[in-house]
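Inside the fold
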Amino acid sequence: MSGSQCNDMPRKRHSQVTAIILLVLPVLLCGSCGENLEKPAEEPLFFWKLQTTGESFNDVWGTGENDIFIVGEGGTILNFDGSAWSEMASNTTKDLMGICGSTDSLVFAVGDDGTVLEYNGIDWNDLVLDTPTNFKKIWGSTDSVFFAVGTGGSIYLHDTLTWTPLNSKTSRTLLGVWSGSDTIAYAVGTGGTVLKYENSQWNAESRVTSRTLFGIWQDSDSSVFAVGEAGTVIRFDGEAWSLEDSGTSHTLYSVWADGENDFFAVGTAGTILHYDCSAWIPMNSRVSVSLHGVWGTSSNNVFAVGAGGVILIYNGFEWNRITAGMAVNHEYRAIWGSSGSDIFAVGGGGTIIHGNGALWEIMDSGLGEQHTLHAVWGSSGSNVFSAGTGGIVLKYNGTIWEDMTTGIGEYQTLYGIWGSSDINVFAVGTEGIIINFNGAVWNLMESGTERTLRAVWGSDENNVFALAGSDSILHYDGFSWNGTSSSTEYALNSIWGSSPVNIVAVGKVGSAVVYDGSTWNEVTSGTVRELAGLWGIDGSNIFAVGEYGTILSFNGSSWRHMTCPTSQTLYGVWGTSATNVYAVGESATIIRYAR
């Protein structure tokens, strides 16, 4: 394969979308997201997976400018087909650290716990190597020969059909690898380790630094560069290794070249350096996050990836963000979509993001940091409403978000919004406030209570429910609102139904009630954790989310626990089918239940 094929990297209200992101935020794995619940049956094809972890894309590689792969935390694999990015099903939640291939139907990704995935042009398959190695990088020089390196000095050789461990003669962690043929290769790692593969064996090269090296690239026999900790750059000129002046103290994680006069190195604090055969020159990346991988098809088409879901592209003149992480410390409070490629999530700081099923865009709500959006609902992708603090209701027309006049006080908060159509929308909130939009203006309705109303939902315009505290649910029959018993002593937070005679509400201490068309009846959820969000596709496929990553599914008669990938509290849930569901929550967490 050519030298450009693989790389060796570690790790307002009136404004349109301002930036494209794939968010990734810190989370903790949890083995159990509910208590005293029957464990689910094995689900080998569908499971909850982080879409956002706030940490890393770790590597990038492609067969050409219309076929690019990115790997990262939690088993994330993205693919660019020349027009759009899409998420691929890796069927693993292990962190993926390296990717390389020879064709679009022979690609390998490696990562933690001995993970080696092979892509055949259709699916990713786990090769299940019997090794505890945390793989850090992979590189291939021919259609069949690949080297994967990792912890404990591990080096595995792929030769046609098999993976074979090789003797590296070191126990140091190896973080980068590069090979120019099936007989020549280099690996680098901790303590300034540089290994060379020649005559079918690995041997240590003369050490010129004790600093950790993360990436290595050879353009010719007399032009080999390795980069690493604290701006370390070492070069092999055909005779000996020597230290180079990089001009930076930032750690460099990856290096790639398109000819000996066009080396690119990336690292911490958005550092990008360009080597022009005489010196390393800093470039303006326009980001400040760590960059972990760099690769390109030419010196005029270079990609860099890193923390916060950053993807940058260099066009020969400047670096631009394709997707960029943002420092979102707010929670997401609600989620809704018109389809699987048209999804909205809202939350603290007036945050609104828009997703297409793989990537998320930041949208400018025009709201300040002091505002929180608690609810979102729409009749279509060009008629979306979001409500929150200050009595605010925003409306999206497919292009911009605009502030609507609601006529309620700025000290009021709206917690729920739902409509039967674009000319019949209800919003509810503090002090029993209910307002109704008739397609032209918002009108205040008489609720008969001063209790805070947490959510609203209906089966049609004459059968609408609002949750009113610990023992009451309000019902609207098309003429007036009246209270009914909720059959529970605990406050309810969210409501959803599949029909007028099959409605569910959930809330504090795991409380859950079901409406059969005449009365509300309490059912045991099996958890004491607070449930905050509810959504379903039909009466036998309903999802509830809540405290500490709690996720439950309801089949119409009983609840069961679902394993989740986060311990963050989840506030909202929505999906397109029983096997394509999103949940959002604190620390800007987004998780997805899918294949």
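All residue numbers refer to position in the chain's written sequence, counted from 1. Note on the predicted model: pLDDT of at least 70 is required for a residue's local features to be given, and 80 or more for side-chain atom pairs to be given and counted; whole-chain, interface and lining totals, by contrast, use all residues. Derived side-chain values reflect all non-hydrogen atoms in the structure, with water molecules and hydrogen atoms excluded from consideration.

**Notes on the environment of arginine 211**
Numbered from the N terminus, helices here are DSSP runs of H or I no shorter than four residues, and strands are runs of E no shorter than two. Checked against the element boundaries, arginine 211 lands in the loop between β18 (201-204) and β19 (213-220). Relative accessibility thresholds used throughout: buried, under 20% of the residue-type maximum; exposed, over 50%; partly exposed, between the two (1.4 Å probe, protein chains only). On the basis of relative accessibility, which here comes to 40%, the residue arginine 211 falls in the partly exposed class. When the C-alpha atoms of arginine 211 and glutamate 229 are compared, they prove to be 5.7 Å apart, with 18 residues separating the residues in sequence. Here a residue-residue contact requires only that any non-hydrogen atoms of the pair lie within 4.5 Å. Look past the residues within four positions of arginine 211 in its chain and what remains in contact with it is Gly189, Gly191, Gly192, Glu229, Ala230 and Thr232.

**Observations concerning the pairing of strand β8 (residues 106-111)**
Buried residues dominate β8, accounting for 6 of its 6 residues. Covered by surrounding structure in β8 are Leu106, Phe108 and Val110 together with Val107, Ala109 and Gly111, the residues of both alternating faces. Strand pairing follows a simple DSSP-based rule, namely that at least 2 bridges must link the two strands. Pairing of strand β7 (residues 96-103) with β8, which is carried by 6 bridges, proceeds in the antiparallel orientation. If you follow glycine 98 over to β8, its bridge partner there is valine 110. Note: β8 against strand β9 (residues 116-119), 4 bridges, orientation antiparallel.

**A word on the pattern of salt bridges**
We define a salt bridge as a side-chain nitrogen of Lys or Arg found within 4 Å of a carboxyl oxygen belonging to Asp or Glu. Following the criterion strictly, the structure yields 7 salt bridges and no others. Arginine 592 is the salt-bridge partner of glutamate 87, the closest N and O atoms lying 3.9 Å from each other. Here glutamate 87 is found in strand β6 (residues 85-87), whereas its partner arginine 592 is found in strand β57 (residues 590-594), with 505 residues between them in sequence. Judged by relative accessible area, which is 18%, arginine 592 ranks as buried. Glutamate 331 serves as the salt-bridge partner of arginine 333, at 3.7 Å between the closest nitrogen and oxygen. Note on arginine 333: relative accessible area 23%, which makes it partly exposed. On the accessibility criterion, glutamate 331 (21% relative accessible area) is partly exposed.

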